[in-house]
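These are the residues of each chain, in order.
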Protein chains: 2
Amino acid sequence: MYRTHTCGELSLSSAGTEVILCGWVQKSRDLGGMTFVDLRDRYGITQLVFNMEENTDLCGRARKLGREFVIQAKGTVRERSNKNRNIPTGEIEIAVDELTILNRSEIPPFTIEEDTDGGEELRMKFRYLDLRRSSVRNNIILRHKVAQEVRRYMDSEGFIEVETPVLIKSTPEGARDFVVPSRMQPGTFYALPQSPQTLKQLLMVSGFDKYFQIVRCFRDEDLRADRQPEFTQIDCEMSFAGRDEILDTFEGLARHLFKQIKNIGFSEPFRKISYHEAMSFYGTDKPDLRFQMKISELTDLAKGHDFPLFDSSEYIGGICAGSCSEYSRRQTDELTEFVKRPQAGAKGLVVVRYETDGTFRSPAEKFFSSQDFTDWAALMDAKPGDLMLIVAGDKRRAQPALGELRLEMGSRLGLRVKGEFVPLWVVDFPLLEWDEETRRFYAMHHPFTSPKPEDLGLMETDPARVRADAYDLVINGVEIGGGSVRIHDAEIQKLMFKVLGFSGKEAEEQFGFLLNAFRYGAPPHGGIAFGFDRWVAMFGGQDSIRDFIAFPKNNSGRDVMLDTPSRISEKQMEELHIKIAGEKGK
Amino acid sequence: MYRTHTCGELSLSSAGTEVILCGWVQKSRDLGGMTFVDLRDRYGITQLVFNMEENTDLCGRARKLGREFVIQAKGTVRERSNKNRNIPTGEIEIAVDELTILNRSEIPPFTIEEDTDGGEELRMKFRYLDLRRSSVRNNIILRHKVAQEVRRYMDSEGFIEVETPVLIKSTPEGARDFVVPSRMQPGTFYALPQSPQTLKQLLMVSGFDKYFQIVRCFRDEDLRADRQPEFTQIDCEMSFAGRDEILDTFEGLARHLFKQIKNIGFSEPFRKISYHEAMSFYGTDKPDLRFQMKISELTDLAKGHDFPLFDSSEYIGGICAGSCSEYSRRQTDELTEFVKRPQAGAKGLVVVRYETDGTFRSPAEKFFSSQDFTDWAALMDAKPGDLMLIVAGDKRRAQPALGELRLEMGSRLGLRVKGEFVPLWVVDFPLLEWDEETRRFYAMHHPFTSPKPEDLGLMETDPARVRADAYDLVINGVEIGGGSVRIHDAEIQKLMFKVLGFSGKEAEEQFGFLLNAFRYGAPPHGGIAFGFDRWVAMFGGQDSIRDFIAFPKNNSGRDVMLDTPSRISEKQMEELHIKIAGEKGK
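No experiment lies behind these values; they were computed from the predicted model shown.

(A) Region of interest: the overall build of chain A. Scanning chain A from N- to C-terminus turns up 16 helices and 23 strands. Taken along the three principal axes of its C-alpha coordinates, chain A extends 90 × 75 × 55 Å. Pairs at least 24 apart in sequence give 66% of the contacts found in chain A among residues at least 6 apart. Accessible surface, chain A: about 24,100 Å² in total, of which carbon and sulfur atoms supply 47%.

Encoded structure:
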């Protein structure tokens, strides 16, 4: 037997017990005639003591232990004279009388400490050492706990976890597929799923009634920051349920997780706001509702005063930053720069200071009377001492710019409180998006999303105005999940493909199996998929998902530890009937 | 709300209640003035009744319902006059007063019944309809339950489920990899994992201590019957544990599953038998121990009696088939043919009848005395009335042939009882296998399997004799899982690669990251991987895994429902920098 206990479980109640521990040498200190070794494993750190007088040979060997050596130590638990109240095992130490080196270690390329000296790239190359750091390890353990709780809840609600295939068929609609050449059928390929969307719909046609899966998905995209080519979804679908039943079910999942993982309860039902409202009041379809600071539209009030910027703009809107009237010129200039960045994309920012004495001060003051500003303030709910920040321009650019500005002000004012969570449902998304370049509509969600029944009449006359029975779960400004009621009627599905510009043949080629399936009694159904990596990172209190994935890839899609993607042999390529383009075949 | 209840939950206690049900029309019958419709969902079947006299219009509509129509029915629960005791809902029916057709169905290509008229291929093409059959659906639900129980047990034992990447690096050792061309790094490929073997070992180096994962794995093999190119493993690894602790832990998993899934307990610890014993006594490394019928070696006893077959053979062995002395000539001829099939590969079979009167009868009787036969019978534990079946030849062919014959006799004699389970551990496998063709040793398990410490000295002198600290869990003649204690010492790992004929450079190229990791303090560790599909099929009482996978592939690796693998567009191939060999590029 290698050990009797782990390094995280001994306390004063075990004093006097003979124990065997195993682990890694975190660090060692020689103090006079004593040597102290911090022994680390997944469960904690326990202090080992060696006494030079009592056992010179053993203590001498202990002094030669290097960092990260793997050792086994046998000894007696005793009370520490110098207690460490910061760790659970801090009241005891082990007086060691046998020491075995199980494995040596070279000096690690960076220190295995919370404040490591290793840069990102080095830590990724030696990810197995990075994972020894307790913060990273705890993220992965958190991930396990969240997955367990997801399964516990879904199982208790009667959902069946069904594994869907990873080797499926490439469908050009959507993002780019990763593909896998077939050896047995020359010239053909499997594709890796971007999501099990069509397969879970088939499971509904099969009568599974309630399905879920924690499932790996793949997208061959140019990686933006914090995107991974492979990522994990909590994928869910249910039959004979309308939108509100679906939302209730998954609100239940969210509540269960918040309770089990963060011990947070929500007394009120999650708010539901429409996409239209979200854009109007928060300038985004994923508003952070930890703070108010709603956008007010000033178009009617502010136009027609000969202020050229306003008069030439389709839309004028503003937010009120509480108690910021004394912002310095430098600070307001920063905000102006902020909204003019390409990501925000506004033409400029008009600042109106509502001074504590009740007067207004603004670069635009020659165009507007005090009464005008008072009217704006009333609309924006501004009080003396507040700062009104106005953006004008095309609505589709000005609203998001105001949304960005709102988040920036929320951050500056400390309103985006860490550890506070405000979940909400954003509903009634547009069904379609127009793409100028290809001059066609694309499904905003995917081609199986149901139009709202009351908007069906607009499908052929005014597709842009059709709303979808689609919804997102948004928490603190992050889209955690999204889904929709699906089309279960073959006729509506055909209409959808028609509006998307698919010929019957194309639709048949790409989604034939699903359209076929719908001919044999598809039940009404709908579902949702949650970004599992993202949700775990949120529970872990971090913005980046990378440290919640055991072996992540970098921004070029490389695993620098495994050193992949990499060359394969000529023989492999021959067997797969493929050649590298631009290289000579054999 | 679509429904108040499912089709599987109503009973007499609900009589008089108004309910709404949804589901599929299983079948309908018109009897005089009444129409009965069996409504089916995942949870069961409930009978709907329509009365022509009470509601002519409604009953008329019910009569037009086709099989597999999706309907919603509102009505009152009432006691049936003609009860069906075979189903839980058989005491009640619903007197319907509202009927809505939610979706129509064309006539399915085969009947959705347990005894379907659909052939294998048709059912696979319309898998979503095949999954409506309760037997197939119940297999998938069983799979969910087993997965839940695996996770429950592993979590309770302190194992962390860690998701390892699917896009990894190709390693030529082992079976053929599926590969994925990289778009961002022209000419390079990811590979799909045959197992997360090296990654789970890295997690041990990271100090995760106890890891598991229910994980998809991939092998691009020529598919034998009942193999799938993608399959699921329960993959496990633990640190600071020796072989017996590892076996105890996973015996615990097996016991937990048998108890929870089959309500079967085992009073005794699982037997452990060595590979050598298994081959000697059962002629296979995965013996079915539901019955005895051990192989007895007769080489010493039976040689030297001028019987040419025996005298020219390296090995002579036999089994005793109880109470079979009266087998007809036809029956013993069948057995002779059986052992001569290429799969069994024996040269022939010598039959000795131990008659009930105590005499012996055999085609070989002129070579042996009655005392000779009596000696054989004593060794084989044969009694009057038994049949002794003897095979001679090369040991490495004769033993497996006897193993096959033993299974055949077990089946003929009804000794392989369905529903009875005998799990055992086969241990101490050979570390290496010699391959005549390439004239080198291959790792029998994989290159990271630890030799038994007491055999280390033979590594360079007599590698063929080195035993591995490897083990298989075998149940009823099926290998359910296998694993080993791993090499954690870099020097032994180097020695292993040397014996396998890897140059330092090759080892570095293929497993560099693992060898590197071992330089920084690898703990002693070991693990196991179970074939999840196979285990679920065993719990489901079936030999084939296919019906325990929602969307399986056929023997050519095709998904005939999705119609994949399939062609991809020229644009996709261009982006991936690949061409089909033998086709003109653009």
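(B) Representation of the sheet that holds strand E16 (residues 387-393) of chain A. Residues and elements named next belong to chain A. What the 5 strands build is an open sheet, ordered E12-E13-E16-E14-E15; its pairing is antiparallel. Of all the strands in the sheet, just strand E12 (296-297) and strand E15 (360-361) have a single pairing partner and so form its edges. Taken together, the 2 bridges between strand E14 (residues 350-354) and E15 define a ladder with antiparallel strand orientation. Within E15, the position partnered with Tyr354 by the bridge is Phe360.

(C) Molecular detail of the relation of the copies chain A and chain B. Of the transformation superimposing chain A on chain B, the axial component is 0.0 Å and the angular component is 180 degrees, with the fit at an RMSD of 0.1 Å. Such a combination of rotation and displacement between the chain copies is what one expects of a two-fold axis. Both copies present the same face, since 99% of the interface residues in chain A are matched by interface residues at the equivalent positions in chain B.

(D) Summary view of the domain arrangement of chain A. Domains assigned within chain A are domain 1 (12-103), domain 2 (137-272 + 423-570) and domain 3 (291-412). The centre of domain 1 of chain A, based on its C-alpha atoms, is set 50 Å off from the matching centre of domain 2 of chain A.

(E) Quick peek at the interface of chain A and chain B. Opposite the 121 residues of chain A that make contact, chain B presents 120 residues. Here chain A meets chain B over a buried area of about 11,000 Å², counting both sides, of which 58% is carbon and sulfur. Considering only the surface of chain A that becomes buried against chain B, A:Glu163, A:Phe240 and A:Tyr520 emerge as the three largest contributors, covering 8% of it. Linking chain A to chain B there are 16 salt bridges. In this structure, A:Glu163 and B:Arg143 form a salt bridge, with 2.8 Å as the shortest nitrogen-oxygen distance. Summed over the shared surface of chain A and chain B, the result is 69 residue pairs in polar contact (both at pLDDT 80 or more). For the side of chain A that touches chain B, the element with the highest residue contribution is helix H4 (residues 134-156) of chain A, accounting for 8 residues. Considering only residue class, the side of chain A that touches chain B consists of 62 nonpolar, 27 polar and 32 charged. Where strand E23 (residues 578-580) of chain A meets strand E23 (residues 578-580) of chain B, 3 bridges bridge the pair, whose relative direction is antiparallel.

(F) Spatial organisation of the pairing of strand E4 (residues 70-79) of chain B. In this sheet, E4(B) lies alongside strand E1 (residues 18-31) of chain B in antiparallel orientation, the contact comprising 7 bridges. Note on E4(B): the bridge partner recorded for B:Val19 is B:Gly75.

(G) Quick look at the packing of aromatic side chains. For the structure shown, the criterion picks out 62 aromatic pairs over all chains. Ring plane angle 85 degrees and centroid distance 6.5 Å describe the contact between B:Phe448 and B:Phe497, whose orientation is recorded as edge-to-face. Placement of the pair is B:Phe448 in the loop between strand E19 (440-443) and strand E20 (470-475) and B:Phe497 in helix H13 (residues 490-499), with a sequence separation of 49 residues. Summarising the burial analysis for this pair, B:Phe448 and B:Phe497 share the class buried. Within the aromatic cluster, the residues linked to one another by ring pairs are A:Phe159, A:Phe250, A:Phe258, A:Phe266, A:Phe270, A:Phe421, A:Phe530, A:Trp535 and A:Phe539. Geometry around A:Tyr442 places A:Arg440 over its ring, the cationic atom sitting 3.7 Å from the centre.

(H) Structural detail: the sheet that holds strand E6 (residues 160-161) of chain A. Residues and elements named next belong to chain A. One open sheet holds the 8 strands; their spatial order is E6-E9-E10-E22-E21-E20-E17-E11, and the pairing between them is mixed. A strand with exactly one partner marks an edge of an open sheet, and here the two such strands are E6 and strand E11 (271-274). Sheet topology note: the strand E10 (residues 230-239)/strand E22 (residues 525-531) ladder contains 7 bridges and is antiparallel. Bridged to Met238 within E22 is Gly526. In the packing of H4 onto the sheet, the strands contacted are E6, strand E9 (210-218) and E10, and the crossing angle to E9 comes to about 150 degrees.

(I) Structural detail: the confidence of the model for chain A. Looking at chain A, pLDDT values average 95 and 99% of them are 70 or higher. Quick note on the complex model: pTM equals 0.96, ipTM equals 0.95.

(J) The arrangement of the packing of helix H5 (residues 197-205) of chain A against helix H14 (residues 504-517) of chain A in detail. Residue and element names in this part refer to chain A. The contact between H5 and H14 brings their axes to 10 Å, and the two run at 15 degrees. Accordingly, the angle class assigned to the pair H5 and H14 is roughly parallel. Classified by chirality, the crossing of H14 by H5 is left-handed. Here H5 contributes Thr198, Gln201, Leu202 and Val205 to the contact with H14, which in turn contributes Phe511, Phe513, Leu514 and Ala517. Grouping the constituent residues of the contact of H5 with H14 by class yields 6 nonpolar, 2 polar and no charged.

(K) Looking closely at the side chain of B:Arg558. Here B:Arg558 is to be found in the loop between helix H15 (532-539) and helix H16 (570-575). There is a polar contact of 2.3 Å between the side chain of B:Arg558 and the side chain of A:Gln185.

(L) Quick peek at the pattern of salt bridges. As enumerated under the stated definition, the model contains 114 salt bridges over all chains in all. Close ionic contact of B:Arg330 with B:Glu334 constitutes a salt bridge, the shortest N to O distance being 3.3 Å. Placement of the pair is B:Arg330 and B:Glu334 together in helix H10 (residues 329-340), with a separation of 4 residues, close to one helical turn. Given a relative accessible area of 60%, B:Arg330 falls into the exposed group. Across the pair B:Lys571 and B:Glu575 runs a salt bridge, and its minimum N-O distance is 3.9 Å. Of the two residues, B:Lys571 and B:Glu575 are both situated in helix H16; the distance of 4 residues between them amounts to about one turn of the helix. A relative accessible area of 21% means that B:Glu575 is categorised as partly exposed. It is possible to trace a salt-bridge network through shared partners that takes in A:Arg243, A:Asp244, A:Asp428, A:Lys452, A:Glu454, A:Asp455, A:Arg467 and A:Asp469.

(M) Structural context of the environment of A:Glu68. Structurally, A:Glu68 is set in the loop between helix H1 (56-63) and strand E4 (70-79). We classify A:Glu68 as buried; its relative accessible area is 1%. Separated by 496 residues in sequence, A:Glu68 and A:Thr564 place their C-alpha atoms 27 Å apart. Ignoring anything within four residues of it in the chain, the contact list for A:Glu68 reads A:Trp24, A:Val25, A:Arg40, A:Ser105, A:Pro108, A:Ile112, A:Arg132, B:Tyr520 and B:Gly521. Reaching out from A:Glu68, the side chain makes a polar contact with the side chain of A:Arg40 at a distance of 2.9 Å.

Cut-offs and rules
Residues numbered from 1 in each chain as written. Chains lettered and ligands numbered in written order. Predicted model: local features only at pLDDT ≥ 70, side-chain atom pairs only at ≥ 80, totals over all residues. Heavy atoms only, no water. Helix = DSSP H or I, 4+ residues; strand = E, 2+ residues; numbered from the N terminus. Contact = heavy atoms within 4.5 Å. Areas by Shrake-Rupley, 256 points an atom, 1.4 Å probe, with all protein chains shown as cover. Pairing = 2+ DSSP bridges. Least-squares fit on C-alpha atoms with pLDDT ≥ 70 in both. Domains from an automatic or database assignment. Buried area = accessible area lost by both parts, 1.4 Å probe. Salt bridge = Lys/Arg side-chain N within 4 Å of Asp/Glu carboxyl O. Polar contact = N/O pair within 3.5 Å; in protein donor to acceptor, adjacent residues only side chain to side chain. Nonpolar A, V, L, I, M, F, W, Y, C, P; charged D, E, K, R; others polar. Phe/Tyr/Trp six-rings, centres within 6.5 Å; stacked < 30°, edge-to-face > 60°. Buried < 20%, exposed > 50% of the residue type's maximum accessible area, 1.4 Å probe, protein only. Lys NZ or Arg CZ within 6 Å of the ring centre and 35° of its normal. Axes fitted to C-alpha atoms, helices over the stretch in contact; angles between N-to-C directions. pLDDT = per-residue confidence, 0-100. Parallel < 35°, antiparallel > 145°, perpendicular 65-115°, else oblique. Left-handed = near helix turned anticlockwise from the far one by under 90°.

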